[in-house]
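The lines below spell out each chain.
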Amino acid sequence: MEQELVCWDQNSALKRVVNQESLLVNVLTLFIEEFPEHLHVLKQSISTNDCQQAARISHAIKGVASTVSGLQLEQIAAEFELSAKQQKMDVLINKGIYL
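These figures come from a predicted structure and were not determined experimentally.

Criteria and cut-off values
Residues numbered from 1 in each chain as written. Predicted model: local features only at pLDDT ≥ 70, side-chain atom pairs only at ≥ 80, totals over all residues. Heavy atoms only, no water. Helix = DSSP H or I, 4+ residues; strand = E, 2+ residues; numbered from the N terminus. Buried < 20%, exposed > 50% of the residue type's maximum accessible area, 1.4 Å probe, protein only. Contact = heavy atoms within 4.5 Å. Areas by Shrake-Rupley, 256 points an atom, 1.4 Å probe, with all protein chains shown as cover. Lys, Arg positive; Asp, Glu negative; His and termini not counted. Charge placed at Lys NZ, Arg CZ, Asp CG, Glu CD. Expected span 1.5 Å × (residues − 1). Polar contact = N/O pair within 3.5 Å; in protein donor to acceptor, adjacent residues only side chain to side chain. Phe/Tyr/Trp six-rings, centres within 6.5 Å; stacked < 30°, edge-to-face > 60°.

A.B. asks: Just to check I follow, could you spell out the overall build of the chain for this structure?
C.D. replies: Check the secondary structure of the chain and you find 5 helices and 0 strands. Put simply, the chain runs from its N terminus to its C terminus through helices and strands in the order α-α-α-α-α. Along the longest, intermediate and shortest principal axes, the C-alpha atoms of the chain span 40 × 35 × 20 Å. Across the 99 residues of the chain, 29% fall into the buried class. Within the chain, contacts between residues at least 6 apart in sequence are counted, and of these 56% link residues at least 24 apart. By element, 54% of the accessible surface of the chain is carried by carbon and sulfur atoms, the whole surface being about 6700 Å². Separation between the mean location of the 8 positive side-chain charges and that of the 12 negative ones in the chain comes to 6 Å.

A.B. asks: Sorry, what's going on with helix H3 (residues 51-67) here?
C.D. replies: Owing to its 3.6 residues per turn, the α-helix brings residues three or four apart onto one side. With 17 residues, H3 extends 24 Å between its outermost C-alpha atoms, agreeing within 8% with the 24 Å of an ideal straight helix rising 1.5 Å per residue. Among the residues of H3, those classed as buried are Cys 51, Ala 54, Ala 55, Ile 57, Ser 58, Ile 61, Ala 65 and Ser 66. Buried-residue contacts for H3 involve helix H1 (10-16), helix H2 (21-47), helix H4 (71-85) and helix H5 (89-96). N-cap assignment for H3: the residue whose side-chain oxygen lies 3.4 Å from the backbone N of Gln 52 is Asp 50. Once H3 finishes, Ser 69 follows within two positions and takes phi at roughly 60°, a positive value.

A.B. asks: It is not clear to me how the environment of Ser 45 should be interpreted in this structure. Could you clarify?
C.D. replies: Mapped onto the fold, Ser 45 is located in helix H2. Measuring from C-alpha to C-alpha, the distance between Ser 45 and Val 17 comes to 32 Å, with 28 residues separating the pair along the chain. Those residues in contact with Ser 45 that lie beyond four places of it in its chain are Asp 50, Gln 53, Ala 54, Ile 57 and Met 89. At 2.8 Å, the side chain of Ser 45 forms a polar contact with the backbone oxygen of Leu 42.

A.B. asks: Teacher, can you tell me more about the packing of aromatic side chains here?
C.D. replies: Remark: the centre distance and the inter-plane angle together describe each pair of aromatic rings, the angle taken between the planes. In total, this model carries 1 aromatic pair according to the counting rule given. With a centroid separation of 5.5 Å and 35° between ring planes, the pair formed by Phe 31 and Phe 35 is classed as tilted. Of the two residues, Phe 31 and Phe 35 are both situated in helix H2; the distance of 4 residues between them amounts to about one turn of the helix. A relative accessible area of 18% places Phe 31 in the buried class.

Shape is all these values report; function is a separate question.
Here you go:
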């Protein structure tokens, strides 16, 4: 049975910033401010069948999600990145319906 990932692991996120809550708030604020643009670029790259751009932006989203311990988003972005690198745009389009 597959174990469901936690959406956000606050304890892990705090460890990444050496338990400095104010730093975590700043990192999360930056993430929240920048994520809509990343998502827009990803949607655009999928709609134009740009596998390279989709792979790049998926990789960037995966990295940022990892930084803030957004485990589900990190996993989804990794799946998008792999599909884009394999030029499986049909998989991206099907998964992109949920974006």
